[in-house]
Amino acid sequence: MSTPQTPRTFGATSTTAEVIDGVDLHGRRAVVTGASSGIGVETARALAAAGADVTLAVRDTDAGARVAARLEAELPPTSGKLTVGRLDLSDRSTVAAFVTAWSGPLHILVNNAGVMAPPEISRTADGREWQFAVNHLGHFALATGLHPALAAANGARVVSLSSIGHLFSPVVFDDLDYRYRPYDPWTSYGQSKSATSLFAIGAAERWADDGITTNAVMPGNVGATSLGRNMDPQQVAAVIAAGELALPPEKSVEQGAATSVLMAASPTVEGVTGRYYEDCAEAKPVAERAGAVTGVAPYALDRDNAARLWTVSEAFIR
Ligand SMILES: NC(=O)c1ccc[n+]([C@@H]2O[C@H](COP(=O)([O-])OP(=O)(O)OC[C@H]3O[C@@H](n4cnc5c(N)ncnc54)[C@H](O)[C@@H]3O)[C@@H](O)[C@H]2O)c1
């Protein structure tokens, strides 16, 4: 008689190694954006270690090649292949070129790249505010462009990196590009991360019949990445305190990438779609806990907001 297996559950301190243990991704293909630093490198490493062929979709292909060489040297020979593809999410032509160059099914897409809180406003060549353009619109163009490849994979998974920073702002549909209100680096970051969550909600509904699951994840407070390049850590702490957000305990990149890897590959979340996860579990609704705010805001999960954002985003990338 076989012993019933206890269902595996994971939490805030789980690592990519624990989440991916026993998962076989041989024959699967994955794309991880922004995989030349931080959480993206670790996500790519874990997926490749489980056997997936992984494309590092990066702005700087020399940096991507150095990461691929380092990972290849570290990973066992049973690992999947690592390839580097050029992708600048602020530049629609590179997104289109990446999509055109892709052929065959795509099993896993991790929309990981991101930029946080540049102090001054800047806009892309097509006039969009930078954080909204890079964090949301570029990924929207990429994922919708790759939709046929995802649908061809019979069970593809798309993971979009959101953030506790979404609590700084909903998507402000009347002024997405800060034309009528003063630019604020943090509400702009918040808006962009509300948008990445709403993309997951919208795509889950639209792509369910194609067998594609899409989820948003908050990786946690991962200090050892280059995300905070625009500010010093004290400034980040001050902004979090001013917003009364609960800055979660700091995680290693192996812990920070675990929720992405869980949603991208673990059989424990098979079929889960249209959700927002953090600490390897579905996030709780936003609430004050121990004097600070944490969780996920209703506006980042709202289906009407998701549908409206989809329509606007389609018009912007046309
Ligand atoms: N580190 C944290 O504590 C934390 C917390 C919440 C959410 N996140 C999210 O996790 C994701 C990964 O962040 P990270 O902490 O590893 O930071 P990181 O800065 O190390 O990685 C972000 C990557 O995105 C890439 N990128 C930036 N602009 C790009 C563009 N125009 N085109 C293509 N790539 C571009 C960067 O080159 C970099 O490799 C981001 O989406 C971030 O918002 C991180």
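- Going by what an unreviewed UniProt entry lists, the protein chain is known as SDR family NAD(P)-dependent oxidoreductase and is assigned to Streptomyces lutosisoli.
- Its UniProt record gives the protein chain the following Sequence similarities (unreviewed entry) comment, quoted word for word: "Belongs to the short-chain dehydrogenases/reductases (SDR) family."

1. Focus: the packing of helix α2 (residues 38–49) against helix α10 (residues 258–265)
Link 1 in the chain: One way to put it is that α2 packs onto α10 with a least axis distance of 9 Å and a crossing angle of 40 degrees. When the interaxial angle is binned, α2 and α10 end up oblique. α10 is crossed by α2, and the crossing has right-handed handedness. Contact with α2, carried on its side by I39, T43, A46 and L47, involves S260, V261, A264 and A265 of α10 and no other residues of that element.
Link 2 in the chain: In the contact of α2 with α10, the residues fall into six nonpolar, two polar and no charged.

2. Brief notes about the nonpolar core
Link 1 in the chain: In this structure, L47, L56 and V261 are the most contacted members of the largest nonpolar core, which totals 90 residues.
Link 2 in the chain: Look past the residues within four positions of V261 in its chain and what remains in contact with it is T16, V19, I20, T43, A46 and L47.

3. Notes on the sheet that holds strand β1 (residues 29–33)
Link 1 in the chain: The strand order across the open sheet built from eight strands is β3-β2-β1-β4-β5-β6-β9-β10, with neighbouring strands paired in mixed fashion. The strands lining the two open edges of the sheet, one partner per strand, are β3 (82–86) and β10 (281–282).
Link 2 in the chain: Pairing of strand β2 (residues 53–58) with β3, which is carried by five bridges, proceeds in the parallel orientation. Bridge assignment links L56 to a residue of β3, and that residue is V84.
Link 3 in the chain: Those strands touched by helix α5 (residues 130–145) are β1, β4 (108–111) and β5 (157–161), and its axis lies near 170 degrees from that of β4.

4. Some thoughts on helix α3 (residues 61–74)
Think of an α-helix as 3.6 residues a turn; residues three or four steps apart then line up on the same face.
Link 1 in the chain: Helix length check: α3 (14 residues) gives 20 Å between terminal C-alpha atoms against 20 Å at 1.5 Å per residue, within 8%.
Link 2 in the chain: Along α3, the positions that sit buried rather than exposed are G64, V67, A68 and L71. When α3 is viewed along its axis, its buried side chains cluster within an angular range of 100 degrees and face the same direction. Exposed positions of α3 whose direction lies more than 90 degrees from the buried face are D62, A69 and A73.

5. As for the environment of N305
Link 1 in the chain: Structurally, the position occupied by N305 is in helix α11 (residues 303–317).
Link 2 in the chain: In this structure, the C-alpha to C-alpha distance between N305 and G202, residues 103 residues apart in sequence, is 8.7 Å.
Link 3 in the chain: Residues in contact with N305, not counting those within four places in the same chain, are V171, L198 and Y299.

Cut-off values and rules
- Every chain begins its residue count from 1, and numbering advances along the sequence as written.
- Totals for whole chains, interfaces and linings use every residue, but because this is a predicted model, local features are given only for residues with pLDDT of at least 70 and side-chain atom pairs only at 80 or more, for both listing and counting.
- UniProt positions are given in the numbering used here, feature names are shortened, and annotations may be inferred rather than shown by experiment.
- Fitted lines through C-alpha atoms serve as axes, helices being fitted only where they are in contact, and the angles separating the N-to-C directions of these axes extend from 0 to 180 degrees.
- Helix and strand definitions follow DSSP, with helices as H or I runs of at least four residues and strands as E runs of at least two, each counted in order from the N terminus.
- Note that the term roughly parallel is reserved for angles under 35 degrees, roughly antiparallel for angles over 145, roughly perpendicular for angles of 65 to 115, and oblique for everything else.
- Each crossing is labelled by how the near helix is turned from the far one, with a counterclockwise turn of less than a right angle marking it left-handed and a clockwise turn marking it right-handed.
- By the convention adopted here, residues make contact when the C-beta atoms placed from their backbones lie within 7 Å.
- Each residue is assigned to one of three groups, with Ala, Val, Leu, Ile, Met, Phe, Trp, Tyr, Cys and Pro labelled nonpolar, Asp, Glu, Lys and Arg labelled charged, and all others, Gly among them, labelled polar.
- By definition, a nonpolar core groups buried Ala, Val, Leu, Ile, Met, Phe, Trp, Tyr and Cys residues that are joined through C-beta atoms within 7 Å.
- Three exposure classes are used. Buried residues have 20 or more other C-beta atoms within 10 Å of their own C-beta, exposed residues have 12 or fewer, and partly exposed residues fall in between, all C-beta atoms being placed from the backbone.
- Whether two strands pair comes down to DSSP finding at least two bridges between them.
- By this rule, a helix spans an expected 1.5 Å times one less than how many residues it contains.
- What the arc covers is the set of directions going from the helix axis to the C-beta atoms.

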